[in-house]
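Architecture and fold: a report
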Amino acid sequence: MLPLLLASSSPYRRELLARLKLNFTYASPNIDESSHPGESARHLAMRLAEAKARALAPNYPNHLIIGSDQTASLDGQILGKSLTYERAHKQLSNASGKSVTFMTGLALLNTQTGTCQLDCVPFTVHFRTLESDQIERYLNIEQPYDCAGSFKVEGLGITLFRSTEGEDVTSLIGLPLIRLTDLLLNEGVVVP
């Protein structure tokens, strides 16, 4: 089996990949994550996932490189990471009583063969009607400013939802393990 490399500095993605009990290393790709004019959330997530994997390829020959990126959209607008309390409060206020769709792009690049498998896993979160003080309490406790959508599903963020829909909840955290397992199996990686 070729060595696995996760093209990410995200601790959330590292924690998810560790669930598969496979040996891997990780490195942070340096890419421009800006969207192109008129680019859909799905296309952006897939393009960035592949770009992350390819950015590290020259330094990691004979590896399987996993790239992943996530976008979130509300009312047709792509949401970025909030980075601040104020922007997070606004994002969650805007999401109140609505649905946010997450697109998690996934790439598995075999640098030995040049083959790149690409996919995108959607997941939708239906928010409860949120009061301003509820949002404030949540943000003060969890401080999810580095997360698209301004919440952490693996923490108290789950209390903000009335329901979710999708095939793989790990895609919501940033690395769809069910689909990744499929891609790894295609490359001959034995899981588990």
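Provided above is the structure to which this section pertains.
Residues numbered from 1 in each chain as written. Predicted model: local features only at pLDDT ≥ 70, side-chain atom pairs only at ≥ 80, totals over all residues. Heavy atoms only, no water.

Extensive coverage of strand 6 (residues 116-127) is indicated by the burial of 9 of its 12 residues. Judged from the 11 bridges that link them, strand 5 (residues 99-110) and strand 6 form a sheet pairing that is antiparallel. Counterpart to Leu109 in the pairing with strand 6 is Cys116. Here strand 5 hands over to strand 6 after 5 residues, with Gly114 in that stretch at a positive phi of 85°. Relative to strand 7 (residues 161-166), strand 6 is paired through 5 bridges, and the arrangement is antiparallel. Each bridged residue has a counterpart across the sheet, and for Thr124 the counterpart in strand 7 is Glu165. (Buried < 20%, exposed > 50% of the residue type's maximum accessible area, 1.4 Å probe, protein only. Helix = DSSP H or I, 4+ residues; strand = E, 2+ residues; numbered from the N terminus. Pairing = 2+ DSSP bridges.)

Relative orientation of the contacting elements helix 3 (residues 85-95) and helix 4 (residues 132-142) amounts to 135°, with a least axis distance of 10 Å. With respect to their mutual orientation, helix 3 and helix 4 come out oblique. The element helix 3 and its partner helix 4 pack so that their crossing is right-handed. In this structure, helix 3 uses Tyr85, Ala88, His89, Leu92 and Ser93 to contact helix 4, whose residues at the interface are Ser132, Ile135, Glu136, Tyr138, Leu139 and Asn140. Among the residues making up the contact of helix 3 with helix 4, the classes are represented as 6 nonpolar, 4 polar and 1 charged. (Axes fitted to C-alpha atoms, helices over the stretch in contact; angles between N-to-C directions. Parallel < 35°, antiparallel > 145°, perpendicular 65-115°, else oblique. Left-handed = near helix turned anticlockwise from the far one by under 90°. Contact = heavy atoms within 4.5 Å. Nonpolar A, V, L, I, M, F, W, Y, C, P; charged D, E, K, R; others polar.)

With that out of the way, let us pick up the packing of aromatic side chains. For the structure on display, the rule yields 4 aromatic pairs. With a centroid separation of 5.5 Å and an interplanar angle of 85°, the aromatic rings of Phe102 and Phe151 are classed as edge-to-face. One end of the pair, Phe102, is in strand 5; the other, Phe151, is in the loop between helix 4 and strand 7, with 49 residues separating them in the sequence. Ring geometry for Phe127 and Phe161: centres 5.5 Å apart, planes at 90°, overall edge-to-face. Of the two residues, Phe127 is situated in strand 6 and Phe161 in strand 7; the sequence distance between them amounts to 34 residues. (Phe/Tyr/Trp six-rings, centres within 6.5 Å; stacked < 30°, edge-to-face > 60°.)

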